[in-house]
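Spelled out from the first residue to the last, the chains are:
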Amino acid sequence: MNQTAAALATDARTEIVNALNQSVAETVVTTMLAQNFHWNVTGPMFNTLHLMFMDQYTELWNSVDVIAERIRALDQFAIGSYKDFSHYSSVKDAPSNPPKAEEMIALLVEGHETVIKTIRSIYELVGKASDQATEDMLTQRINVHEKTAWMLRSLLEK
Ligand SMILES: [Fe+2]
């Protein structure tokens, strides 16, 4: 058992890791939404959205690695199968028929906001366990998701 794991009680680690795995799943599903919409977006906002969605899936994909490796540092295993991603995620899969650009934006806002809610729910657990490293990582993730959700929402204003 490593030192980080040794410093945190097993029950606390298990609770934190379950919640972190949910945020891994939701981040992966949101990544896939952004990738799908990057491919399939159409309309007058094509260029802006095609590039914006690429920035998002790139950032999201890199962030999953950070969360999953935090789970490993807590001496537990990270989920990594489509079955588990869909089981753990409250973010819904992309529709089979690509929606209009505005609907894509709205679905991505929903994805980012769901991830934010999940991450917020972990704070109490990491606070109780004095797991500052996880707390710091989560704060950085909330910052990115809130900024991204704001940018997307701004596109929907008339
Ligand atoms: Fe591309």
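Check the entry above for the structure.
Residues numbered from 1 in each chain as written. Predicted model: local features only at pLDDT ≥ 70, side-chain atom pairs only at ≥ 80, totals over all residues. Heavy atoms only, no water.

Engineer: Could you clarify how one ought to interpret the packing of aromatic side chains in this entry?
Structural biologist: Inspection of every chain in the model, using the stated rule, returns two aromatic pairs. Each ring, one from tyrosine 82 and one from phenylalanine 85, has its centre 6.2 Å from the other, and the planes form 85 degrees; the classification is edge-to-face. Note that tyrosine 82 and phenylalanine 85 are positioned in helix 4 (residues 82-88) at a spacing of three residues, about one turn of the helix. Exposure remark for tyrosine 82: the relative accessible area of 70% places this residue in the exposed category. Owing to a relative accessible area of 11%, phenylalanine 85 belongs among the buried residues under this scheme. (Phe/Tyr/Trp six-rings, centres within 6.5 Å; stacked < 30°, edge-to-face > 60°. Helix = DSSP H or I, 4+ residues; strand = E, 2+ residues; numbered from the N terminus. Buried < 20%, exposed > 50% of the residue type's maximum accessible area, 1.4 Å probe, protein only.)

Engineer: What is the right way to look at the nonpolar core in this model?
Structural biologist: Note on soluble globular proteins: their nonpolar side chains tend to be buried together. Core analysis: the largest hydrophobic core is formed by 24 residues, its most contacted members being Ile16, Leu20, Val24, Leu74, Phe85, Ile122 and Leu138. Elements supplying a minimum of two residues to this core: helix 2 (10-40), helix 3 (46-73), helix 5 (101-128) and helix 6 (132-156). Per element, the largest residue contribution to this core is eight residues, and it comes from helix 2. The residues touching phenylalanine 85, leaving out its near neighbours within four places in the chain, are Val24, Ala25, Val28, Val29, Ile79 and Gly80. Counting 17 residues, the second largest nonpolar core, distinct from the first, contains Val29, Leu49, Phe53 and Ile105. (Core = buried A, V, L, I, M, F, W, Y, C linked by side-chain atoms within 4.5 Å. Contact = heavy atoms within 4.5 Å.)

Shape is all these values report; function is a separate question.
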